[in-house]
Every structure is written in structure tokens, then in C-alpha cells.
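Observations on the three-dimensional arrangement
Letter by letter, the chains look like this.
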Amino acid sequence: MPPPTEGLSVELRQERPIPLAVRLDCRGGEVLALVGPSGSGKSTILRTIAGIYTPLHGRIDADGETWLDTATGLRRSAHQRSVGFVFQHYALFPHLSALDNVIQAMGHVPPAERRERALRLIERTNLAGLEARRPARLSGGQQQRVAVARALARDPKVLLLDEPFSAVDQVTREKLYEELAALRRDLRIPIILVTHALAEASMLADRMCILHRGSTLQADTPLAVTMRPASPLVARLVGLKNIFEAEVVGHDSDRKVTLIRWFGATLEAGRAPQFAAGARVAWSIAASHIILHRRDRPSRGERENPVAGEIVRCIPMGEMTALALRVVRGERADIFFSVPTHVAERNGLALGETASVSLLTEGIHLMPVPAAL
């Protein structure tokens, strides 16, 4: 049996009743976001780490301790695991004050010390002055802070956050983002954040784990996952709209590029020697790497993978305008991107107009073609 690891290490496997093929790790002081659609297994993973659910096969190591090892029959109960859990709807005791909700999690602390320690946590989570209020008299953001204080009251080795911001308005959510970012600087424990929102994960997490139907598809930094998805499925799950197929023409070692042919156009992508000439590949590009050509002032950048077409989508959305450029009629060749609305107006962009863009080489990412793209 391998020794327990520092930080958190999780490996879960089963085919039913809930399919799981999960492998993830999170270091102390790190935030790992679990991202995926409903039913992808995010909450089940949290419940398993907390000891509320046990899979058929799995192992969980945390801070040098083994909490679960189905191969040897080891299973620590939820009470034997030092886990702080912030539930989606907080699960506070409605008949207790904010302070007493925090004290309830201090069974491991000598009774004489509980109130003072709870007051420190109340202050730490910006709840000073609200100690005596019950949950019904607290706002959603204040209830969330009580839930965080209660989770920290357990002196956890792992902190689990199950969509903790979903029940509050946008203004409160942004304040809570800042508070969590500040709080985590003082915590040297693994933090697992479950969220549906990719932007939230990108903002708060050091790494994100993309899940689909109970399986880990990719775990990396938010930038790496969005710019270099492991597959077209991951690309779709992280919200990339520009996913296509092409044929590899060849590789230019000197210029460190791979040439691909896409509907008659030859494009340069970052060098990907694992794909042989003649191979079919999938490729994606984030909207941030699509540059509109200005009609009034050409630039050198327009020579980098220039593509022209007809505007088939032009939707002003406040300060930004969403666009789609149809490169080939009747084919899956619409390129989606956005520009500032004032740029769209200055360049006369409208439905039916022609336009051209550059697809920046560093943003074109090649992937294997799945059985069905």
C-alpha cells in the first residue's frame, strides 16, 4: 500500500449506481475547481471526500492520513475526517444564532475556549455585530459567511465548497469572491470548489478539473484548460464555440508551426509533431485570439492566418457585440467572436456585410478527432 500523501489525493472508481472514474489532487493552500454539467459527479465527489458517500472502489489521502482505502477495507466516518463543508444552501440551524451555529462545529475544542474562538471566526468572516442574529434575519451573503465560519471552526484539513455563491445576487457574489480570495491566503489547506460557472472557476481557482458523466477529462490551470483543451468535448464543456476539423499538411521545425488545411485555406498552428502529415485533426481557437481586420487601417497582423467571410450574427450586448463570420456556406465553418460595440459600429459591421479576421497562430490548438465530433 503506497504511503498517504500531503495535501489531498482522491481516486474513485465504480460503474454503478453513479458512474465514477475520478482522479484528482489538491495541494495545501491551493483551490481546485470541479467544473462540469449537472450530473457530472461534482457533488458526489465532495460527499465522498466528506465521508457521506462511499464508492465501490477508491482511495482518499489527506494531509498524511488515509481516510478511505476500499482495497483494505479502511473507511473513516465523516466524524473522523477533519473536513469543513459549505453546502449550497448553507444548512444552518435556524433556531440558533450565528455565533451558536459556529460553536456547534467545535466539538473537538474544550468548552471554555469555544466562545472566544467562535467570536474570532465571526470577525474573520466579516460578521462582527451579527453574532446574535438567527439565519432568518441574515442576508444570503451573511448566511454564507456564517457557513464558512462554521466550516473553519472544525479546524479542517480540507475545505469543501459546494456552489457556495449560487444563492446570492451578483453584487453580493462579487464581494464574496473577494473575501474568499483574501481568506485563502491565510489557509494552508486544500480547498475544493464546485461550480457550474467557468468564469468563477477561472477567477478563484489555481487549477480546474473538468468532469463529464463521473469521469475526469482534464485537470490543469484555468488558462491551460481553456487554451489547450484535451479534446473537443472538453473544449465544448469550457464554452469554446470555435471547434473544427482539418487535415495536417506538414510541420515547419524552423518556424515551430504545424500547417493545417481547412476548407481550402492553409492555417498555421503551434507546432504539434504528434500529428502526422495527412492526419485528420480537430482544432479550436478561443475568441480572444481572433482579431478583426480594420477597414480603415490595415496592419501587419492581418497576414497571420487571414480568413474572410459573411457576417451572419451581429448582436450588440452592451459594451460588446457578438459576431459570427460564415467562411463557407453550408458547412460548419462559422467563426464566433466579439468586439467592442464602438469597434463594430466604426467598421460598419452588420448582417450580410463581409469582414475578415486573423486567427492568431498561438491560439490554434490541435486535438485528436474523436469518433464523432
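Below you will find a few notes about this structure. Quick caveat: nothing in here was measured; it's all calculated off a predicted structure. (Residues numbered from 1 in each chain as written. Predicted model: local features only at pLDDT ≥ 70, side-chain atom pairs only at ≥ 80, totals over all residues. Heavy atoms only, no water.)

1. Focus on the nonpolar core
As a rule of thumb, soluble globular proteins bury nonpolar side chains together. Core analysis: the biggest nonpolar cluster contains 51 residues, and Val102 and Leu159 have the highest contact counts within it. Ranked by residue count, the leading element in this core is helix H4 (residues 140-152), at six residues. Of all hydrophobic cores here, the second largest spans 30 residues; its members include Phe244, Leu292, Ala344 and Leu359. (Core = buried A, V, L, I, M, F, W, Y, C linked by side-chain atoms within 4.5 Å. Buried < 20%, exposed > 50% of the residue type's maximum accessible area, 1.4 Å probe, protein only. Helix = DSSP H or I, 4+ residues; strand = E, 2+ residues; numbered from the N terminus.)

2. A word on the sheet that holds strand E15 (residues 280-284)
In space, the five strands of this open sheet follow the order E14-E13-E12-E15-E21, with antiparallel pairing throughout. Bordering the open sheet on either side are strand E14 (265-270) and strand E21 (365-368), each of which pairs with just one other strand. Shown here is a sheet whose adjacent strand axes are inclined to one another by a mean of 50°, direction ignored. Across five bridges, the pairing between strand E12 (residues 243-252) and strand E13 (residues 257-262) is antiparallel. Residue pairing for E13: Glu247 is matched across the bridge by Arg261. (Pairing = 2+ DSSP bridges. Axes fitted to C-alpha atoms, helices over the stretch in contact; angles between N-to-C directions.)

3. Focus on unusual backbone geometry
Cis peptide bonds are those with omega within 30 degrees of zero, and the linkage from Arg16 to Pro17 qualifies with 5°. With respect to the element layout, Pro17 can be found in the loop between strand E1 (8-14) and strand E2 (20-26). A positive phi angle, close to 60°, is found at Asn126, a residue other than glycine. Unusually for a residue other than glycine, Asn305 sits at a positive phi of about 50°. Its place among the elements puts Asn305 in the loop between strand E16 (290-292) and strand E17 (306-317). Accessibility expressed as a relative area gives 6% for Asn305, which makes it buried.

4. Regarding the sheet that holds E17
An order of E16-E20-E17-E18-E19 is seen for the five strands of this open sheet, with the pairing classed as antiparallel. Both outer strands of the open sheet, E16 and strand E19 (334-340), are each paired with one neighbouring strand and no more. Mean inter-strand twist for the sheet, computed between neighbouring axes without regard to direction, equals 45°. Relative to strand E18 (residues 320-326), E17 runs antiparallel, the two being bridged by seven bridges. Counterpart to Met317 in the pairing with E18 is Met320.

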